[in-house]
Amino acid sequence: MQLFPRWTNNFPGIFLIGIFLLLFSLSSFIWYYGSPYYTDVGYAPTQPVPYSHKLHAGDMGIDCRYCHVGVEQSYSAVIPPTETCMGCHTYVKTDSEKLKLVRESWETGKPIEWIKVHMLPEYAYFNHSVHVNSGVACISCHGNIAEMEVVYQVKPLSMDWCLDCHRSDTPEIRPKNEVTNMYWTPPADYDNFVSSWVEQHGDERPVGDCQKCHR
Amino acid sequence: MMNNKIKSKAEIRAEKLLPGNQDFTTLTDDIAGVPEQKKTPIQWWLLFGLALSLLAIFAGSVGFLIWEGTGIWGINNPVFWGWAIINFVWWVGIGHAGTLISAILHLFRQNWRNAINRFAETMTLFAVICALVFPGIHVGRIWVAYWFLPIPNQMGMWPNMRSPLIWDFFAVFTYFTVSLLFWYTGLIPDLATLRDRAKTNLKRKIYGFFALGWRGGNRQWQHYELAYLVLAGISTPLVLSVHSVVSSDFATSVIPGWHTTIFPPYFVAGAIYSGFGMVMTLSIIARKVYNLGHIITLEHLDKMAQIMLLTGCMVGYAYSMEFFVAWYSGNAYESFAFVNRALGPYWWGYWAMIFCNVVVPQFFWFERYRRHIPFLFITSILVNIGMWFERFVIVVITLHRDFMPGAWAMYNPTIFDVSIYIGTFGLFFTGFLLFLRFLPMVSIAEAKLVLPESNPHHGHEE
Amino acid sequence: MNTYGVIARFNDPVELVHAAEKIRDAGFTDFDCHSPFPIHGMDDAMGLKRSKLGYVIGAMGLTGALFGFGLQTWIHSIEYPMNISGKPFFAYPAYAIITFELMVLFSAFGAVFGMMYFNSIPRFHHPVFYSDKFSRVTSDAFYVSIEISDPKYNEQEVKSFLDKIGGTDIEVLKDEN
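Residues numbered from 1 in each chain as written. Chains lettered and ligands numbered in written order. Predicted model: local features only at pLDDT ≥ 70, side-chain atom pairs only at ≥ 80, totals over all residues. Heavy atoms only, no water.

(A) Examining the interface of chain A and chain C more closely. Counting residues at the interface gives 16 residues for chain A and 17 residues for chain C. Summed over both partners, the interface of chain A with chain C comes to about 1,500 Å²; 48% of that surface belongs to carbon and sulfur atoms. Across the contact surface, chain A and chain C share one salt bridge. Counting only elements with at least two residues in the side of chain A that touches chain C, the list comes to helix 1 (11-33) and helix 9 (159-167) of chain A. With three residues, the single largest contributor to the side of chain A that touches chain C is helix 9 of chain A. Of the residues in the side of chain A that touches chain C, the class split is nine nonpolar, four polar and three charged. (Contact = heavy atoms within 4.5 Å. Buried area = accessible area lost by both parts, 1.4 Å probe. Salt bridge = Lys/Arg side-chain N within 4 Å of Asp/Glu carboxyl O. Helix = DSSP H or I, 4+ residues; strand = E, 2+ residues; numbered from the N terminus. Nonpolar A, V, L, I, M, F, W, Y, C, P; charged D, E, K, R; others polar.)

Next up, the structure:
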C-alpha cells in the first residue's frame, strides 16, 4: 500500500536543510541576543540628578580623579559624595533647579542615590588601582566619558572581554600620567614603551588562574 | 516416539528458545500482536497511572529544587555528595545491561539474546535518561548546565577536559546517543512490519514515517547488517568504558576508600549485575502480563541468572579485595575507612549490600532456583536494592568520616532526596510502559533468525 | 504511467536463495530479494559486492578521534591555557577518554547515517508499495523484484522466467502517477 505521495522522497533533503537552517538561526539568535554586547552595552539609566560628564569632564576639563578619588588607591573608584559637588556648587549655580536634590542631600546629610552603570558580578574581583597604576586608561573600559551627556556602558564587561585584553600580546597600557586623558594617541615609539614597561615590571596579567578574579 | 527424525543442532536450540511449533507467521502475530491490541490491558493502565503520579512527584520536586537550590537536599559538610550521585551511578549502572546484551552477546552470536535485547535496550535508554537527570539538576543553577559542553561563550571559558567529571559527561552522553541509534536501527525493520500490518491509516502513517520506507530488500539488509554489526562492535568497548569513567569520578580523588585501581572493573561488573537484575524484573512482569512465556522462556531467565551469578561473584571478590588491599597497604586511613564501612555507624548499609549482592545470588548455583520465577523476581529486586546500597556505602560512608574528626558528621536525606529518587521511577516507567504499548518488545526480525528454517543452509548442517 | 518492474513471491528462504542464484546466472543486475529478515548467504547468491560502509565508518571514527584530541589540545594549549593544580597544559594521557568517546560517537553516526545513505532511506514512496500482497514481505513473505532499469529487462520474458524458476503471485508494478 502506497502511504506517502511521491514528493515525500525529498524528505532527507528537506530535513537536512531544515535542520541546518534551524540550528543556524537558533545559534545566531542566541549568539546575538544573548551576548552582553546586546544585553549590557548601551545601558544608560536616568540618574536622579541630571549630571553631565560632557559638561564637567569634557568642556570644563575637570580630571576624572577630582571626583573619583579612590581610583589610584583602592579597588573602588568611588562615587563622589555630595560634599564633592557642593565644593563648587556652594558658589556656582547655587539656585539651579537641576541641583535641587544635591542641596537637599547637603542639608539632610542623606546621600544621593546614584544608579550604578558599570556592574560586575560579586563573584568577580576587580581592582581599579591595580589597573590605573599599571597604565590602563579610563577610556579603555568606560569609553569616552568626556563626551557623554548621560553615561552609558560602552564595553560588554563580560569575562571573555576581560580576557581579551589580559591575553593579548600587547597590554593596552600608556604612561601613567596619561591615564585619564581621553584624547591620547600612541606616540611613534609606543611599541618600545610597552616592551620596556613589560621588561621593567614583568607581565603580571593573570591569565591562567581562576582564583585571581574569583577569590 | 512420534518423531524419529534426528534433530539438527539448530532445531534443538530453537526448541529450547522458542518452544512449540512456531513459524514466521505465528511469531510475527505473537510479537506484533501486543502493540496492535485493540484493548489495552487493565494492568497496563494501573501501572501507567502509578507511573504518571510518580512522574508528577518528580516534576514537582525537581521544580522546587530548581526554585530553591540544592539546599533542600540532605547534603552537608563533609557529605557533599549525597543521593544525587548515588542515584546517578545506580541508574547508569542499570543502563549497562541493554548494550551489553545487544552488543556483546551479538558479537558472540548468542542467539538467546534475540528475545530480550529490544527490551534491554529500551530499559537502557530510559535508565540513562533517569541518570542524566542527576548531573543536570545537581548543579543547582540548571540554566547554566550547558557549561558542560565545549561551546564558545561570553566567558571565553571551556570545560576542563582533564577532569573526570567532564569525561563522565562525555561518556554518558555518548553512551546515550549510541544506545539510541542502536535501538532505533534495530527497530527500523520492525516498524516496517507494524506499518504493513496496521489497521488504521493514522497508525500506518506514523509507523510508516519512522520505518523510513524500509522494503526489506537484500540490498538494504546488506548495509543494515554491517551497520548493526559495527554498532555492536563499537558499543562493546563503549559500554565497558562508561562505568570505568564513572568510577574515575571517585578513583581519581585522594579520598581513602575511593583512591583505588580496582574501581573500574568493579564498577563495570556491578553495573552489568544491576542491569541484568532490572531486565529480569521487567521481563518477568512483561511475559506474565502479555503471556509471552513461549518467547521469553525459562531458558532466557536461566541464562540471565547465570550472568548475575558471575557478576555477583565478581563484585563479591571486589569487596573482599578492597579489605585486603586496605590491610596490605598499611595505610591507617585506608584501613579505617574500610573498618568503618563494616563496623561504623552505617554498618547496616554495608551488610545490606553484602547480603543482597553476594549472599543472595549464590542460590543461582542451583538450576532449581535459576528457573523458579517468584524466586528470580524477588532476587532481581534484591540485587538492585543491594546495588543501591553499594553506591550508598561508597559515597556516604566514605565521606562521613573525613580526615579530620572535627568534621565528622552523619548524613540524613530529606524528603526531597527521596521524592526525586522515587520520581525517577515515574520517568522510567512512563517511558517504558509507552514503549510496551506502542512498539514490539521483542525484535520481530531477529526472533525469526532463531527458527531453523530462516537459515537456507540448515538442511546441510552436520 | 511508468512500469517499475516485476515482482514474484517465493515460499521460503531456501527458494529465495535459489531464485537469486538463477536470476544472477541469467545475467540480471538490477534485481533485489526482499525478506522479513537478513538471509545468510544471500549476498553471494545475488552476486553483491561487499558493502563500502566500513570505509565510511572508519573515516568517521578517525575524524572523531582527531576532532576529540584536537579539541582538547586546542582548548588547553592554545585557546585557554589554564593552570589547574599544576597539571601540564598538554596533558595528553588525560585526553584519551574524550578522544575515545568522540571516536565512538562519530563512528556510530557514520554507521547509522552511512547505512541510510547507502540504502537511500528515508524513501517513503516506492513502486513496490503499490502491491498489496508485497506488504507481507515484512512479516512472512519472500519476494524477488526485477527492475525496468535492468538492461536485460523485457516484461514478457521476465514474467515467464520468474514463473519458470518457481515464482508465484507475479505482478507487474506500475507507477500510478
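(B) Representation of a nonpolar patch on the surface. Residue and element names in this part refer to chain A. Taken together, the side chains of Leu 26, Phe 29, Ile 30, Tyr 32, Tyr 33 and Tyr 38 present a nonpolar region at the surface, about 660 Å² in accessible area. With five residues, helix 1 is the largest single contributor of residues to the nonpolar patch. As for its placement among the helices and strands, Tyr 32 is situated in helix 1. (Patch = residues over 30% accessible without salt bridge, like charges linked within 9 Å, V, L, I, M, F, W, Y side chains within 5 Å. Areas by Shrake-Rupley, 256 points an atom, 1.4 Å probe, with all protein chains shown as cover.)

(C) Looking closely at helix 9 (residues 218-251) of chain B. With 34 residues, helix 9 of chain B should reach 50 Å at 1.5 Å per residue; the first-to-last C-alpha distance of 48 Å fits that figure. Considering bend angle alone, the principal kink of helix 9 of chain B is centred on Ser 235 of chain B and spans about 30 degrees; proline Pro 237 of chain B follows within four residues of it. (Expected span 1.5 Å × (residues − 1). Bend = angle between axes of the 7 residues up to and from the residue.)

(D) Representation of the state of the cysteines within the structure. Applying the stated rule across the entire model yields zero disulfides over all chains. Here Cys 313 of chain B is not cross-linked by a disulfide; its sulfur's nearest cysteine counterpart is in Cys 356 of chain B, at 15 Å. (Disulfide = S-S within 2.5 Å.)

(E) Quick look at the interface of chain C and chain B. Taken together, the 73 residues of chain C in the interface contact 60 residues of chain B. For the chain C and chain B pair, buried surface summed over both sides reaches about 5,700 Å², with 69% attributable to carbon and sulfur atoms. At the junction of chain C and chain B, the tally comes to zero salt bridges. Elements with a contribution of two residues or more to the side of chain C that touches chain B: helix 1 (13-25), strand 2 (31-34), helix 2 (42-46), helix 3 (53-79) and helix 4 (96-118) of chain C. Here the side of chain C that touches chain B gets 16 residues from one element, more than from any other, and that element is helix 4 of chain C. Class assignment for the residues of the side of chain C that touches chain B results in 47 nonpolar, 15 polar and 11 charged.

(F) Representation of the pattern of salt bridges in the model. Considering all chains together, one arrives at 21 salt bridges over all chains under this definition. In this structure, Arg 65 of chain A engages Glu 72 of chain A in a salt bridge whose closest nitrogen and oxygen atoms are separated by 3.0 Å.

(G) The sheet that holds strand 2 of chain C, seen in detail. Residue and element names in this part refer to chain C. Read from one edge to the other, the open sheet built from four strands follows the order 2-3-1-4, with strand pairing classed as antiparallel. Among the strands making up the open sheet, the edge pair consists of strand 2 and strand 4 (168-174). Pairwise comparison of adjacent strand axes, ignoring direction, gives a mean angle of 20 degrees for this sheet. Looking at chain direction, strand 1 (residues 3-10) and strand 4 are connected through five bridges and run antiparallel. Paired with Ile 7 across the bridge in strand 4 is Glu 171. (Pairing = 2+ DSSP bridges. Axes fitted to C-alpha atoms, helices over the stretch in contact; angles between N-to-C directions.)

(H) Expanded view of the domain arrangement of chain C. Structurally, chain C comprises domain 1 (3-50 + 128-174) and domain 2 (53-118). Once you take the C-alpha centre of each, domain 1 of chain C and domain 2 of chain C turn out to be 44 Å apart. (Domains from an automatic or database assignment.)

(I) Structural context of the packing of helix 10 (residues 263-289) of chain B against helix 15 (residues 373-400) of chain B. Residues and elements named next belong to chain B. At a minimum axis separation of 9 Å, helix 10 and helix 15 run at an interaxial angle of 145 degrees. Along this stretch, helix 10 crosses helix 15, giving a crossing that reads as left-handed. Partitioning the contact of helix 10 with helix 15 into residue classes produces 16 nonpolar, six polar and three charged. (Left-handed = near helix turned anticlockwise from the far one by under 90°.)

(J) How the structure looks around the side chain of His 118 of chain A. Residue and element names in this part refer to chain A. One can find His 118 in the loop between helix 6 (100-108) and helix 7 (128-133). Among the polar contacts listed, one links the side chain of His 118 to the side chain of His 142, at a separation of 3.3 Å. Residues in contact with His 118, not counting those within four places in the same chain, are His 142, Val 151, Tyr 152, Gln 153 and Leu 157. (Polar contact = N/O pair within 3.5 Å; in protein donor to acceptor, adjacent residues only side chain to side chain.)

(K) Helix 8 (residues 201-211) of chain B, seen in detail. All names here are of chain B. Looking at helix 8, one finds that the buried residues are Arg 204, Tyr 207, Gly 208 and Ala 211. Down the axis of helix 8, the sector holding all buried residues measures 105 degrees, keeping them to one side. Those residues of helix 8 that are buried are in contact with helix 2 (24-36), helix 7 (164-197) and helix 16 (415-438). Following helix 8 by one or two positions, Leu 212 has its phi on the positive side, about 60 degrees. (Buried < 20%, exposed > 50% of the residue type's maximum accessible area, 1.4 Å probe, protein only. Arc of directions from axis to C-beta.)

(L) Representation of the pairing of strand 3 (residues 142-147) of chain C within the structure. All names here are of chain C. The buried fraction of strand 3 is high, at five of six residues. One ladder, built from four bridges, connects strand 2 with strand 3; its direction is antiparallel. Opposite His 34, over in strand 3, you have Tyr 143 as the bridge partner.

(M) Structural context of unusual backbone geometry. With an omega dihedral of 20 degrees, the bond running from Asn 77 of chain B to Pro 78 of chain B counts as a cis peptide bond. Its place among the elements puts Pro 78 of chain B in the loop between helix 3 (42-68) and helix 4 (83-94). Cis geometry marks the peptide bond from Ile 121 of chain C to Pro 122 of chain C; its omega dihedral reads 0 degrees. Within the secondary structure, Pro 122 of chain C is located in the loop between helix 4 and strand 3.

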